[in-house]
Amino acid sequence: MQLNFATTTIPTILLWGLGLAIFLVGGLIGYFNLSIDARKKMDTADQKIELARAEAERKIAEAQKMLDEAKALSAQTPKVVNEPAILRLKSNDGFRFQIEMDGQLLNAPLTPERKKRLIELLGYIRPWLEGATAAPQPVPSSQPVSTPVAAPQITPTPVSIPMPPPTVKPVTLSLNPVKPKPDPETEFKLLSMVKQIDTVLQRRIEGTPMEGLGIHLNDTPQGGLEVIIGLQRYDTIDDVPDPNIIAAIRAAIAEWEKKYVPGAS
């Protein structure tokens, strides 16, 4: 039996060609599907990255806003400076007390400079002591209230009694009544501390060239001391430009301490 080669080969070639075409078409379809899936995944990843970036930017903006608000609040809040106490009384156990002046403890004996500084500080406290008034004592409600009792009425019997002639005593009229002269020491004690020192100062400079300069010590509304020399006013003793006047004031303070401050000498 003899086969025709052309009859056998052509169908086979066609089948192989058709199979190859189907394979190629399937490969192309698979490639396109893979490309579409990859594009979708990339788009999803880009969206996630964009969302994460937006969220990060939002959080950064909120943190920056909070930081700006904190800086503004810090700028508006006044800073508290821990300055040393000018004069403070403290106790560690409730029985032993210590005095702290200008941030340092006072230990006896005091130097003349620290003693004068302490007296100047006490001058600021003196107005509170001098201006204090005692509060009125309340009347206890438990005290019995006395009720007035009407006395029995008695009808007097008229009695005729001879009246002696009236005696006229001479009355002396004085246009300038003599007032009792106050005690100078009592008047001195009623003065404020600054006025007491000023009184001592006036006695010391009497008859000296400083008498005509108009040197006086006055109380300030804040309870301090000011020096007046003629028409000039100085807030502190150290502001006075003349060292001789400063020495005279310091000497008056020392004399006042020695005579009128218990335990100062």
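Residues numbered from 1 in each chain as written. Predicted model: local features only at pLDDT ≥ 70, side-chain atom pairs only at ≥ 80, totals over all residues. Heavy atoms only, no water.

J.: Explain the overall build of the protein chain to me, and be specific about the residues and the numbers.
T.: Helix and strand content of the protein chain: five helices and six strands. For the protein chain, the N- to C-terminal ordering of α and β elements is α-β-β-β-α-α-α-β-β-β-α. Entry remark: accessible area of the protein chain is about 22,800 Å², with carbon and sulfur atoms responsible for 63%. (Helix = DSSP H or I, 4+ residues; strand = E, 2+ residues; numbered from the N terminus. Areas by Shrake-Rupley, 256 points an atom, 1.4 Å probe, with all protein chains shown as cover.)

J.: How would you explain unusual backbone geometry if you had to name every residue and give the values?
T.: If you check the backbone angles, Asp 102 has positive phi at about 55 degrees while not being a glycine. Residue position: Asp 102 is located in the loop between strand E2 (97-101) and strand E3 (104-105). What makes Asp 102 partly exposed here is its relative accessible area of 34%. (Buried < 20%, exposed > 50% of the residue type's maximum accessible area, 1.4 Å probe, protein only.)

J.: Any chance you could break down helix H5 (residues 243-260) for me, citing the residues and the numbers?
T.: Spanning 18 residues, H5 covers 25 Å between terminal C-alpha atoms, matching the ideal 26 Å at 1.5 Å per step. Residues Ile 245, Ile 246, Ala 248, Ile 249, Arg 250, Ala 252, Ile 253, Glu 255, Trp 256 and Glu 257 constitute the buried set of H5. Capping of H5 at its N-terminal end is provided by Asp 242; its side-chain oxygen lies 3.0 Å from the backbone amide nitrogen of Asn 244. (Expected span 1.5 Å × (residues − 1). Polar contact = N/O pair within 3.5 Å; in protein donor to acceptor, adjacent residues only side chain to side chain.)

J.: Now, about the side chain of Glu 255: what can you tell me, with residues and values included?
T.: Looking at the secondary structure, you find Glu 255 in helix H5. Residue classification places Glu 255 among the buried positions, given a relative accessible area of 18%. At 2.9 Å, the side chain of Glu 255 forms a polar contact with the side chain of Lys 259. If we ignore the near neighbours within four places in the chain, the residues touching Glu 255 are Val 200 and Arg 204. (Contact = heavy atoms within 4.5 Å.)

J.: Please provide a residue-by-residue account of the nonpolar core, values included.
T.: In a soluble, globular protein the nonpolar side chains are often hidden away together inside. Formed by 23 residues in total, the largest nonpolar core has its most connected members in Leu 201, Val 227 and Ile 249. Counting residues per element, the ones that place at least two in this core are helix H4 (193-205), strand E4 (215-219), strand E5 (225-229) and H5. Broken down by element, the residue count for this core peaks at seven residues, all from H5. (Core = buried A, V, L, I, M, F, W, Y, C linked by side-chain atoms within 4.5 Å.)

J.: Any chance you could break down the sheet that holds strand E6 (residues 232-234) for me, citing the residues and the numbers?
T.: Pairing within the open sheet is antiparallel, and its three strands lie in the order E4-E5-E6. In this open sheet, the two edge strands, each paired with only one partner strand, are E4 and E6. The average angle at which neighbouring strand axes cross in this sheet is 25 degrees, direction not considered. Where E5 lies against E6, three bridges are found, and the strand directions are antiparallel. In the sheet register, Val 227 faces E6, and the bridge partner there is Tyr 234. Across the face of the sheet, H4 comes into contact with E4 and E5 while running at roughly 175 degrees to E4. (Pairing = 2+ DSSP bridges. Axes fitted to C-alpha atoms, helices over the stretch in contact; angles between N-to-C directions.)

J.: So what's going on with the packing of H4 against H5? Residues and values would help.
T.: Interhelical geometry of H4 versus H5 gives an angle of 115 degrees and a closest axis separation of 9 Å. Relative to H5, the element H4 is oriented roughly perpendicular. Read as a crossing pair, H4 and H5 show a hand that is right-handed. Counting all contacts with H4, which are made through Met 193, Gln 196, Ile 197, Val 200, Leu 201, Arg 203 and Arg 204, the residues of H5 involved are Ala 248, Ile 249, Ala 251, Ala 252, Ile 253, Glu 255, Trp 256 and Tyr 260. Taken together, the residues that form the contact of H4 with H5 break down as 11 nonpolar, one polar and three charged. (Parallel < 35°, antiparallel > 145°, perpendicular 65-115°, else oblique. Left-handed = near helix turned anticlockwise from the far one by under 90°. Nonpolar A, V, L, I, M, F, W, Y, C, P; charged D, E, K, R; others polar.)

J.: Would you mind going over the environment of Gln 98 in detail, with residue names and values included?
T.: Mapping Gln 98 onto the fold places it in strand E2. In the structure, Gln 98 is positioned 10 residues away from Arg 88 in sequence and 8.3 Å away in space, judged by C-alpha atoms.

J.: Now, about the confidence of the model for the protein chain: what can you tell me, with residues and values included?
T.: Overall, the predicted model of the protein chain reaches an average pLDDT of 76, with 70% of residues at or above 70. Here residues 133-149 scores under 50 on pLDDT; set against residues more than four positions off or in separate chains, the count is zero contacts. (pLDDT = per-residue confidence, 0-100.)

J.: Describe a nonpolar patch on the surface, and please don't skip the residues or the numbers.
T.: Nonpolar side chains collect at one region of the surface, where Ile 86, Leu 87, Leu 89, Phe 97, Ile 99, Leu 122, Tyr 124 and Ile 125 lie side by side and expose about 740 Å² of accessible area between them. Looking at the nonpolar patch, the elements that each hand over two or more residues are strand E1 (87-91), E2 and helix H2 (112-131). Here the nonpolar patch gets three residues from one element, more than from any other, and that element is H2. Within the secondary structure layout, Ile 86 lies in the loop between helix H1 (5-76) and E1. (Patch = residues over 30% accessible without salt bridge, like charges linked within 9 Å, V, L, I, M, F, W, Y side chains within 5 Å. Salt bridge = Lys/Arg side-chain N within 4 Å of Asp/Glu carboxyl O.)

J.: Would you mind going over the pairing of E5 in detail, with residue names and values included?
T.: Judged by how many residues are buried, E5 sits mostly within the fold: four of five residues are covered. Bridge analysis of E4 against E5 gives five bridges, and the strand direction is antiparallel. Residue Ile 215 lies in a different strand from E5, and its bridge partner there is Ile 229. In sequence, E4 turns back onto E5 through a hairpin of five residues, with Gly 223 there showing a positive phi of about 90 degrees. The antiparallel pairing of E5 with E6 creates a hairpin that spans two residues between the two strands, and Gly 230 there sits at a positive phi of about 65 degrees.

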